[in-house]
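Okay, here's what each chain looks like letter by letter:
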Amino acid sequence: MASIISIQNLSKSYQRDSFEIPVLNNLSLEIEEGEFLALMGPSGSGKTTLLNLIAGIDKPSSGKLTVAGTDIAKLNESALAKWRSNNVGFIFQFYNLIPVLTAFENVELPLLLTNLSKAERKKRVELVLSVVGLTDRMYHYPKQLSGGQEQRVAIARAIVTDPTILVADEPTGDLDKNSANEVLTLLDRLNKEFKKTIVMVTHDPASAAKASVKRHLDKGDLV
Amino acid sequence: MKIPIKYSLRNFKKRKLTTGITVVGIALVVFVFAAVLMMAYGIQKTLISTGADDNVIVLRKAAQNEISSVVTGDQQNIISVLPYIAKTADGKPIISNEPVVVINLPKKSGGMSNITARGVSDQVKKLRPNVKLVDGRMFNFGSKELIVGRSIHERFDGADIGEEIRFAGDEWTVVGIFEAGGSGFESEIWGDALQLLSTFNRGSTVSAVTLKLDNPENFEKFKSTFLTDRRLQQLEVKIEKLHFEEQSEMMATFIRILGIFVTIIFSLGATIGAMITMYAAVANRTVEIGTLRALGFRRTSVLVTFLSESLLISIIGAVIGLLLASSLQFFSISTLNFASFSELEFKFALSPEIIISSFIFATVMGLLGGFLPSVRAARLKIVDALRSS
Ligand SMILES: Nc1ncnc2c1ncn2[C@@H]1O[C@H](COP(=O)(O)OP(=O)(O)OP(=O)(O)O)[C@@H](O)[C@H]1O
Ligand SMILES: [Mg+2]
């Protein structure tokens, strides 16, 4: 199978005052299409940083980063924004739903960046909400939902544009065991049934067990 | 595509108190701003309606107002036989030779104030048809009787029918009350010109001569006589309406400048209020901004969203401020008019220009207050915004 994400000699450091803080060191990694990758490692090892680079919300300091054939390190900011809206689905630890928008409206948000008509958007949103099993909560606001339900809405929002990859940063980190299981089962189904490539950062070995590939990061190096 | 407007509107609802206080701040400033302009415009409107288009007023050159003007008896005689003056059915020219003086009367609200006393000739009704008696009768020419304007009647002591007004050593009896279509005449008292002249020992020298033209188009021809006739060269001829318009200019400009100066200082407060509110909104929603940007919304979308929120606050404020200000139209107030040194009653008056200026003023406050916070929101780096949770 072909690599959908290809990382070669990737380095990332942050500038803080006059200090250069190296976070990722000359890292190389191939992720294949349809893979469910779990990135593990201690706190501060650079997992989120790597995920952000793959998702195109941060820029590498050096190295090559190709996602679905696009060298995203070379894209300018607005091209990158467009690329993200077409190719990346985001799942955050704290769901990051917009509190003033309903579940339906939150899921519809990424579709506002497409040319879809209102009716087509509605169809899509209803479809993905049924995939995550929240059709009956469509018009609820985030604060009217449980954490697990919020995360499922967030997953619906991540898949509504049918992106190339899903990135999840500790998606179960804030959930109780049952809700965490629901979310993991859902991700597993998206991977197996819908053939989504998923990159998931997690601390939890039980979560990582659902993934097809596990990689460990330590102080900016893959081990 | 943009971040939907309902996102902004619902955030207002969520932050009712801060948004509300900011709206009230802007509304108050717009209220003061509009009220001042309405005051200036009200004075102008009152004075402009005092003059007529087809009347001509003759004053001494360079006289600032009627009080400081003199037209001698000889000059009056020459003017009375000039061509282009409208005539009555029985052939008399429609002219009023008017002495104008300022007298002092006690106000009902306490204290004394200046009012304009005007002597008029017997053709005055034809000259100023908008002057109408609402009570009592017209004074008799040849006697010391007065009719008083509605505003004087309402605001001053002793200005009721049957009462006596004392000035320059004489007693004058009030016999009637008149209205004049809300114009400045309603803030005057009128009597027989000849009686007033003798009371003030002014011989035959009046302040101004007002006359009606047979046809307003003849104004230039009428005026040219005053340039050629040596005896009339010290005099100046103006359309009456224009004269009163000039009279309103100084007062209105003074109020405008003072008012705008004061409101600009107020507006700094409101603008800073809006800025604080918007900074708080950005700080509260930093993670949301990061999320929206991650999903693919542009920096400009974020900028536009926050700027529109600030604008919306200021426009809602402007609407409320203007609604409050427009209720002032039902009030009339009286003030000393610098141009005539006497009391003038007027109503606050709203014009489309005032509405537009108020909205522009509010928009500027909204843009200035919202600019820096919106730029900050737009400049956030996605990863930093997301990490702030
Ligand atoms: N925007 C930034 N500016 C400066 N330093 C940063 C920034 N982002 C991350 N870092 C630093 O980079 C290192 C790696 O951070 P990162 O968030 O990638 O770790 P992580 O593996 O996700 O940790 P955790 O498990 O705690 O989430 C940390 O030392 C962190 O302080
Ligand atoms: Mg992390």
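All values reported here derive from a predicted model rather than from experimental measurement.

Participant: Is there a simple way to think about the interface of chain B and chain A in this case?
Facilitator: A common measure of how large an interface is: the accessible area buried when the components associate. Taken together, the contact between chain B and chain A spans 23 residues of the former and 26 residues of the latter. For the chain B and chain A pair, buried surface summed over both sides reaches about 2,300 Å², with 65% attributable to carbon and sulfur atoms. Inspection of the region where chain B meets chain A yields four salt bridges. Across the salt bridge formed by B:R299 and A:E77, the nearest N and O atoms sit 2.5 Å from each other. If you look at where chain B meets chain A, you find eight residue pairs in polar contact (both at pLDDT 80 or more). Going through the elements one at a time, α1 (5–14), α9 (286–295) and α12 (382–387) of chain B are the ones with two or more residues in the side of chain B that touches chain A. Counting residues per element, the side of chain B that touches chain A draws most heavily on α9(B), which supplies seven residues.

Participant: Where do I start with the packing of aromatic side chains in this structure?
Facilitator: Aromatic ring pairs: the centre-centre distance and the angle between the two ring planes describe each pair. If you walk through the whole model with that rule in mind, you get eleven aromatic pairs over all chains. Taken together, a centroid distance of 5.7 Å and an interplanar angle of 5° make the contact between A:F90 and A:F92 stacked. Both residues of the pair, A:F90 and A:F92, belong to the buried class. The lysine or arginine in question, B:K144, covers the ring of B:W172, its NZ or CZ lying 5.6 Å from the ring centre.

Participant: Would you mind going over the pattern of salt bridges with me for this structure?
Facilitator: When charged atoms on two side chains of opposite charge get close, those side chains can pair. Following the criterion strictly, the structure yields 30 salt bridges over all chains and no others. We note a salt bridge from A:K192 to A:D188, for which the minimum N-O separation is 2.9 Å. Separated by four residues within a single helix, A:K192 and A:D188 lie in helix α6 (residues 177–192), roughly one turn from each other. Taken together, the salt bridges that share partners define one network made up of B:E66, B:E98, B:R118, B:R128, B:E188 and B:E240.

Participant: Hey, could you run me through the sheet that holds strand β1 (residues 55–60) of chain B in this one?
Facilitator: What links the strands of a sheet is backbone hydrogen bonding, and the strands pair in either a parallel or an antiparallel sense. Residues and elements named next belong to chain B. Read across the open sheet, the four strands follow the order β2-β10-β1-β11; overall the sheet is antiparallel. This sheet does not close on itself; its edge strands, each paired only once, are β2 (95–98) and β11 (235–239). When strand polarity is set aside, the average angle formed by the axes of neighbouring strands in this sheet is 20°. Bridge count for β1 against strand β10 (residues 208–212) is four bridges, and the pairing is antiparallel. Its bridge partner being in β10, I57 is matched across the sheet by T210. Contacting β1, β10 and β11, helix α7 (residues 219–228) runs over the sheet at an angle of about 170° to β11.

Participant: Could you clarify how one ought to interpret helix α2 (residues 77–87) of chain A in this entry?
Facilitator: A turn of α-helix holds 3.6 residues, and therefore any two residues three or four places apart point the same way. For α2(A), the complete set of buried residues consists of A:L80, A:A81, A:W83, A:R84, A:S85 and A:N87. N-capping of α2(A) is provided by A:N76, with a side-chain oxygen placed 3.2 Å from the backbone N of A:S78.

Participant: It is not clear to me how the site of ligand 1 should be interpreted in this structure. Could you clarify?
Facilitator: Around ligand 1 there are 15 residues in total, and A:S43, A:G44, A:K47, A:T48 and A:T49 lie nearest to it. The residues that come close to ligand 1 belong to more than one chain, namely chains A and B. Within the backbone of A:G44, an N or O atom sits 2.9 Å from an oxygen atom of ligand 1. Side-chain polar atom of A:T49 to an oxygen atom of ligand 1: 2.5 Å apart, as the coordinates give it. Bound to the protein, ligand 1 loses 76% of the 630 Å² it would expose on its own. Counting residues per element, the ones that place at least two in the shell around ligand 1 are β1 (3–16) and α1 (47–55) of chain A together with α12 of chain B. Of the residues forming the shell around ligand 1, the biggest block, three residues, is contributed by α1(A).

Participant: How should the nonpolar core be read in this particular structure?
Facilitator: Across soluble globular proteins, nonpolar side chains show a tendency to be buried alongside one another. Core analysis: the biggest nonpolar cluster contains 39 residues, and A:L109, B:I26 and B:F306 have the highest contact counts within it. Secondary structure elements with two or more residues in this core: α1, α2 (16–50), α8 (240–284), α9, α10 (299–326) and α11 (352–379) of chain B. No other element matches the nine residues that α2(B) contributes to this core. Not counting residues up to four positions away in its chain, the partners in contact with A:L109 are A:I98, A:L101, B:P4, B:L292, B:L295 and B:F297. Core analysis: the next-biggest nonpolar cluster, separate from the first, contains 38 residues, A:F104, A:L129, A:V160 and A:L190 among them.

Participant: Looking at this model, I keep getting lost on the domain arrangement of chain B. Mind explaining?
Facilitator: All names here are of chain B. We note that the domain assignment places domain 1 (5–48 + 247–387) and domain 2 (62–233) within chain B. Here domain 1 and domain 2 have C-alpha centroids that lie 46 Å from each other. Tallying the contact residues gives 13 residues for domain 1 and 18 residues for domain 2. For the pairing of domain 1 and domain 2, the buried interface totals around 1,100 Å² over both sides, and the portion due to carbon and sulfur atoms is 40%. For the interface between domain 1 and domain 2, the tally reads three salt bridges. For the interface between domain 1 and domain 2, the tally reads nine residue pairs in polar contact (both at pLDDT 80 or more). Broken down by secondary-structure element, the contributors of at least two residues to the side of domain 1 that touches domain 2 are β12 (332–337) and β13 (342–347).

Rules used in this analysis
- Residues numbered from 1 in each chain as written.
- Chains lettered and ligands numbered in written order.
- Predicted model: local features only at pLDDT ≥ 70, side-chain atom pairs only at ≥ 80, totals over all residues.
- Heavy atoms only, no water.
- Contact = heavy atoms within 4.5 Å.
- Buried area = accessible area lost by both parts, 1.4 Å probe.
- Salt bridge = Lys/Arg side-chain N within 4 Å of Asp/Glu carboxyl O.
- Polar contact = N/O pair within 3.5 Å; in protein donor to acceptor, adjacent residues only side chain to side chain.
- Helix = DSSP H or I, 4+ residues; strand = E, 2+ residues; numbered from the N terminus.
- Phe/Tyr/Trp six-rings, centres within 6.5 Å; stacked < 30°, edge-to-face > 60°.
- Buried < 20%, exposed > 50% of the residue type's maximum accessible area, 1.4 Å probe, protein only.
- Lys NZ or Arg CZ within 6 Å of the ring centre and 35° of its normal.
- Pairing = 2+ DSSP bridges.
- Axes fitted to C-alpha atoms, helices over the stretch in contact; angles between N-to-C directions.
- Near = heavy atom within 4 Å.
- Areas by Shrake-Rupley, 256 points an atom, 1.4 Å probe, with all protein chains shown as cover.
- Core = buried A, V, L, I, M, F, W, Y, C linked by side-chain atoms within 4.5 Å.
- Domains from an automatic or database assignment.

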